[in-house]
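# Inside the fold
The chain contents come next:
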Amino acid sequence: MTKRAVFWLSISLATFTVSPGHALEKVDFSREVLPVLSNKCFACHGPDAKKKELRLDTREAATSDRGGYRGIDPENLDESEVLLRIHDADDPMPPVDAEKQLTPEERQLLDTWVRQGGEYAAHWAFVPPKKAETHSTVDGFVRHRLQAHGADFAPEADRPTLARRLALTLTGLPPEPQVLAAFLAEEDSEDAYAALVETLLASPRFGEHQARYWLDAVRYGDTHGLHLDNRRGIYPYRDWVVRAFNENLPFDQFVTWQVAGDLLPDPTLAQLVATGYVRMNPTTSEGGVLPEEFQAKNNFDRTETLGTVFLGMTMSCARCHTHKYDPIKQSEYYELLAFFNSTAENPLDGNKYDYGPVINAPADQAAWGEWQTLESEARELVKESGRDWRAALMALAAEGEPAAEALKARLEGLEAQATTTLVARELDKARETKLLARGEYQSPTGEVLEPAVPSVMGAWTEAMPRDRLGLARWLTSRENPLVARVLINRVWQRVFGEGLVRTPEDFGVQGEHPTHPDLLDWLAVEWQDRGWDLKHMIRLMVHSRAFKQDSARRADLSDPPNRLLGRGPSYRLDAEVLRDVALWASHLLDPHMGGEGVKPYQPAGMWLAMAHPASNTKKYERDPVELLYRRSLYVYWKRTSPHPMMTLFDAPSRESSCVRRSRSSTSLQSLALLNETQRVETARKLAERLVKGRDTASQRLEMLFRLLACRPPSPPESAACLSLLETMLERYEQDAAAAEGLLDTGEAPRDASLAAAEVAAWTQVAITVLASDLTLLMY
C-alpha cells in the first residue's frame, strides 16, 4: 500500500472514529464553512490569491485541474488536496508558522464538507432577502429560536421600567413626569403603551435622538478635520437630518436626497442641503499637498464611507488590491469611486468656512419652516413656467407681478438671516477615472473606467443613469441584497442595543452571521413593502414582547451576550444621553432646535494644545450662558478634538464613519461624572428643584428617583441616600464655605432664598444618583 493510500485510510478511520454521526448532518456552507475558509484560508487562497496559488473562494477554482490534483476532486472526493493538506502532519495547511490555525473542530468540519461533495453557496448577505413564510411577527422568529433552546420569553418588565426604556430608546430622554403619570394611571396597559409610543414618536425630540446615530455614520463634523481643522459651514445638513426623521421621510428618499439630491429634477432646498452627505469627508489645504493626491483621497473616503454606511462592507482593502476576503475586485472599487469623481468642489478646501459649492440655507429649525412654506408658495405660483422656481420668481417679480414681488421680498428677508452650507454639484464634464496601482494617486493604469457597482451586490439596470442618481436608485432597489438589511440592522441595534448582525460595519464573509437570519430578512422586506416607513418599523420593534422583557440575567438560560434575545436590552447609555438626561432632570435643558454648534464648559487649553498656530479653532471660547444648555446633538464637533465628555464615554471623532460605538467602563468616567463642571452644575440645579418641589426628605428622594428611574426608591436605596444626605448636611452646616464653593459651580443662576447647606447636601445626593447605574444604564 502506498504512503498516500495509508494516509487516506488512517484519515478515514479517524474521521469515522471521532464523529461517526457528524457526516450524516448536511453542512451549511454559507453559515459554517465559509466563515472558516475566510478566517483561516482566504488570506492566501482567497479572491486575491497569487496566480500560482490554489483558490478556495469559488467552486470553479477549487475543482480546477492543477496538473494532476484538484483542491476538491468531484470525481474522487477522497483524493481532494484540501483533505490531504488539512490533515498532513508534515506539510499542513495552514502552515505551522501561520498566525491563524485550524482548530480540530474546524478540520473536522472542512473534512465533512468536502466528503459531502464540497458544494458552494453564495454568502448569505449577497442573496436578496425574502420573507420566510414561517412567521409574520418579530416575536414569532424570536420565540422559535428560544424554544429550540428549551426556553421562552422572560417576564415583561414592570411598567415604570418600560416607560423609561421606551422614552430613552425613542427620544434619548426620560418621559416627562405628567406623561409618565398618565401612562401609569391607565388601567388598560396595552392601549396606554401604544399611546405612549405614539406620543414619543411624534415628539420633536425623536428626530434629534435618531439623528445622532446617522451623524456618527456619515462622520458629521463642524470642522474640516485635517491640518488646521478650521471651521466648516455645514450644520444645516444636521438640522435637515433631524427634520427628515421627525417628518418620517421615506428612507429610500432619505438615501436618494443625500447621495444625489442635486441631480433630481428642479431640486428643492431640502434636497440640495441633504447632499451635504457627499461633502462630509475630511479635507485640507496643508502647504505642500497636491490637488491630485487629495482628489484621490477625498474619493477614497467617500467610497469607503458608502461601503460602511449603506453596504456594510469593508471597501478599503480593495483600494490597493482585490479584496482578500470578499468578492470585490480592485477594478470594481474604482468603478464605484467613479460616481464621486466628478463633483465640482476643489480637492483642497482653502481652509474656508464656505468651501464651495455652497448655498444659502436656514440658520435653525424655526427658519426651516418659513423657508419651506415660502418655497412651496413660490413653486405653486410659477409651476407653469417650466423654469427653476427661483429664477422664474425673480422674472415675475421684475415684471411687476404683485404676488411674486411679495414672495421675493420675503425671500430677501429670509436670506438676510440665512447661513451657508456645503452641497454637492456635478462638473459639466466628468473627470476620467482609472484604477490606481497600489492605491497610489500618481499611478493610474489601464483603461478609463465607467461608473459601476460590484457585481456580487446586485445587478445594475441600464435604465439607471451612470451618475450619483443612478447609484442612489441602485442602493434602494429591491435587487440590492445589502442596503435594506444593513440599515434595518442598525435600527434594531439602536432599539435593542445590539444588531441582529453584531458586526454592523461588516456584512462580508469576515463579519458575524445574523443571530436571527430569517428575522433580519423579514424586517428588510417588510420595510420595503411598507414604503421604507421608519416609524412603522420602530413600532414593530418596540411593541414586541422581545423588547418588553425584563432585562435581568436568567438562571434558566445560559446566554451572556443575549444572542437568543431571551431578555430585554441592557447597556450603558451613550455620552449625549447622559449629558441630556442630567440637563433635563435639572430643568436646564434648552429646547431650542438647530443652529450652529454650541460650546459648553470644557477644560481650558485643550484645543490650543492640539491645534496648528494658524487654525481658527485653536482657541476654545465658551458660549454665553444662554447657549450652554442646548442638547448634546448641537455641541460643536471639532474633529481633531471633540468635547472631552463625549470622547470619555466613547463618542467617535467622526474623522471616519462609525456605525457602532464601543462601550467602555473606566475609573476616569466615574471621576468626571462626579466632578466635571456641568455635572456639578446640573446636580445643584436638580437639588434646587427637589428642595422647592417637595417638603420632606423622603418626598424629595422619591421625586429624584421618579425623574431618573421612573419609580420610587427601594428600601435599601432609600436608606443609602438618606444616610448620605444626613452626612452631607452635617458637613455643610459646619462648613459654610464648602457649601458656597459647591453652589458657585457653573453659570446657571443660584436661588439664594434656599438654605445653602441643604441645597449643597442634596447636590451631593443628586450627583451620586446621576452617576449611578440607576441613571447610566438602559435596563
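Rules used throughout
Residues numbered from 1 in each chain as written. Predicted model: local features only at pLDDT ≥ 70, side-chain atom pairs only at ≥ 80, totals over all residues. Heavy atoms only, no water. Helix = DSSP H or I, 4+ residues; strand = E, 2+ residues; numbered from the N terminus. Rg over C-alpha atoms; globule rule 2.2 N^0.38 Å. Buried < 20%, exposed > 50% of the residue type's maximum accessible area, 1.4 Å probe, protein only. Domains from an automatic or database assignment. Contact = heavy atoms within 4.5 Å. Buried area = accessible area lost by both parts, 1.4 Å probe. Phe/Tyr/Trp six-rings, centres within 6.5 Å; stacked < 30°, edge-to-face > 60°. Salt bridge = Lys/Arg side-chain N within 4 Å of Asp/Glu carboxyl O. Core = buried A, V, L, I, M, F, W, Y, C linked by side-chain atoms within 4.5 Å. Pairing = 2+ DSSP bridges. Axes fitted to C-alpha atoms, helices over the stretch in contact; angles between N-to-C directions. Parallel < 35°, antiparallel > 145°, perpendicular 65-115°, else oblique. Nonpolar A, V, L, I, M, F, W, Y, C, P; charged D, E, K, R; others polar. Patch = residues over 30% accessible without salt bridge, like charges linked within 9 Å, V, L, I, M, F, W, Y side chains within 5 Å. Areas by Shrake-Rupley, 256 points an atom, 1.4 Å probe, with all protein chains shown as cover. Lys, Arg positive; Asp, Glu negative; His and termini not counted. Charge placed at Lys NZ, Arg CZ, Asp CG, Glu CD. pLDDT = per-residue confidence, 0-100. Expected span 1.5 Å × (residues − 1). Left-handed = near helix turned anticlockwise from the far one by under 90°.

What follows is about the overall build of the chain. Helix and strand content of the chain: 34 helices and 6 strands. By the compact-globule yardstick of 28 Å for 779 residues, the chain fits well, its C-alpha radius of gyration being 30 Å. Reported as C-alpha extents along the three principal axes, the dimensions of the chain are approximately 100 × 75 × 55 Å. A buried classification covers 56% of the 779 residues belonging to the chain.

On to the domain arrangement of the chain, then. Structurally, the chain comprises domain 1 (18-121), domain 2 (159-202), domain 3 (364-417) and domain 4 (674-778). Between the C-alpha centres of domain 2 and domain 4 there is a distance of 26 Å. Of the residues lining the interface, 10 residues belong to domain 2; the matching set on domain 4 comes to 11 residues. Across the interface of domain 2 and domain 4, roughly 730 Å² is buried in total on both sides, 63% from carbon and sulfur atoms.

Under the defined criterion, the tally for this structure stands at 25 aromatic pairs. Here the aromatic rings of Trp 240 and Phe 254 are separated by 5.4 Å at their centres, their planes lie at 10 degrees, and the arrangement is stacked. Of the two residues, Trp 240 sits in helix 12 (residues 235-246) while Phe 254 sits in helix 13 (residues 251-260), which places them 14 residues apart along the sequence. Of the two residues examined, Trp 240 and Phe 254, each falls in the buried class.

With that settled, consider the pattern of salt bridges. Pairing between side chains of opposite charge can happen when their charged atoms approach one another. Inspection of the entire model under this criterion finds 58 salt bridges. Here Arg 554 makes a salt bridge to Asp 556, at a shortest N to O gap of 2.9 Å. You can call Arg 554 buried: its relative accessible area is 18%. In this structure, the salt-bridge partner of Glu 758 is Arg 700, at a minimum N-O distance of 2.8 Å. Here the residue Glu 758 occupies a position in helix 33 (residues 756-770), and Arg 700 occupies one in helix 30 (residues 697-709), the gap between them amounting to 58 residues. Through salt bridges that share partners, Arg 212, Asp 216, Asp 574, Glu 576, Arg 654 and Arg 661 make up one connected network.

In this section: the nonpolar core. Core analysis: the biggest nonpolar cluster contains 136 residues, and Trp 214, Tyr 237, Trp 240 and Phe 310 have the highest contact counts within it. Counting residues per element, this core draws most heavily on helix 21 (residues 483-496), which supplies 9 residues. Both of domain 2 (159-202) and domain 3 (364-417) provide at least three residues apiece to this core. Beyond its immediate stretch of four places on either side in the chain, Trp 214 contacts Tyr 237, Val 241, Phe 245, Phe 251, Phe 254, Gln 258, Val 309, Phe 310, Leu 487 and Arg 490.

On strand 1 (residues 358-361), burial follows the alternation: Ile 359 and Ala 361 on one face are buried, whereas Val 358 and Asn 360 on the facing-out side are not. Pairing between strand 1 and strand 2 (residues 419-422): 4 bridges, direction antiparallel. For Ile 359, the partnering residue across the bridge sits in strand 2 and is Thr 421.

Right, let's talk about the environment of Ser 723 for a bit. In this structure, Ser 723 sits in helix 31 (residues 715-734). Owing to a relative accessible area of 40%, Ser 723 belongs among the partly exposed residues under this scheme. A C-alpha to C-alpha distance of 35 Å links Ser 723 and Gly 497, two positions 226 residues apart in sequence.

Here we take up the packing of helix 28 (residues 667-675) against helix 29 (residues 677-693). The relative placement of two packed helices is expressed as an angle between their axes plus a distance between the axes. Contact pair helix 28 / helix 29: the axes reach a minimum separation of 5 Å and the direction vectors enclose 45 degrees. Relative to helix 29, helix 28 is oriented oblique. Counting all contacts with helix 28, which are made through Ala 672, Leu 673, Leu 674 and Asn 675, the residues of helix 29 involved are Thr 677, Arg 679 and Val 680. Split into classes, the residues belonging to the contact of helix 28 with helix 29 amount to 4 nonpolar, 2 polar and 1 charged.

Another point: a negative patch on the surface. A contiguous patch of negative charge on the surface is contributed by Glu 186, Glu 187, Asp 188 and Asp 191. Mapped onto the secondary structure, Asp 188 falls in the loop between helix 9 (177-185) and helix 10 (189-202).

Taken as a whole, the chain shows an average pLDDT of 95; of its residues, 97% reach a score of 70 or greater. Across residues 13-23, confidence stays below pLDDT 50; counting only partners more than four residues off in sequence or on other chains, it has 11 contacts.

With that settled, consider helix 21. Between the first and last C-alpha of helix 21 there are 20 Å, a value that for 14 residues agrees with the 20 Å anticipated at 1.5 Å per step. Taking burial as the measure, the 14 residues of helix 21 include 14 buried ones, the bulk of the element. Phi for Gly 497, located one or two positions after helix 21, is positive at around 95 degrees.

Glancing now at unusual backbone geometry. Following Met 93, the chain continues into Pro 94 via a peptide bond in cis, with omega recorded as -5 degrees. Mapped onto the elements of the fold, Pro 94 is located in the loop between helix 5 (81-87) and helix 6 (104-115). Here the residue pair Gly 356 and Pro 357 is connected by a cis peptide bond, since its omega of 5 degrees sits within 30 degrees of zero. Along the polypeptide, Pro 357 turns up in the loop between helix 16 (330-337) and strand 1. One non-glycine residue, Arg 219, adopts positive backbone phi at about 55 degrees. The residue Arg 219 is located in the loop between helix 11 (204-217) and helix 12 in this model.

Helix 30 packs onto helix 29 with a crossing angle of 130 degrees between their chain directions and a minimal axis gap of 9 Å. On the basis of their axis angle, the class for helix 29 and helix 30 is oblique. As for the relative orientation of helix 29 and helix 30, their crossing is right-handed in sense. For the pair helix 29 and helix 30, the contacting residues are Leu 686, Arg 689, Leu 690 and Val 691 in the first and Arg 700, Met 703, Leu 704 and Leu 707 in the second. Its residues assigned to classes, the contact of helix 29 with helix 30 shows 6 nonpolar, no polar and 2 charged.

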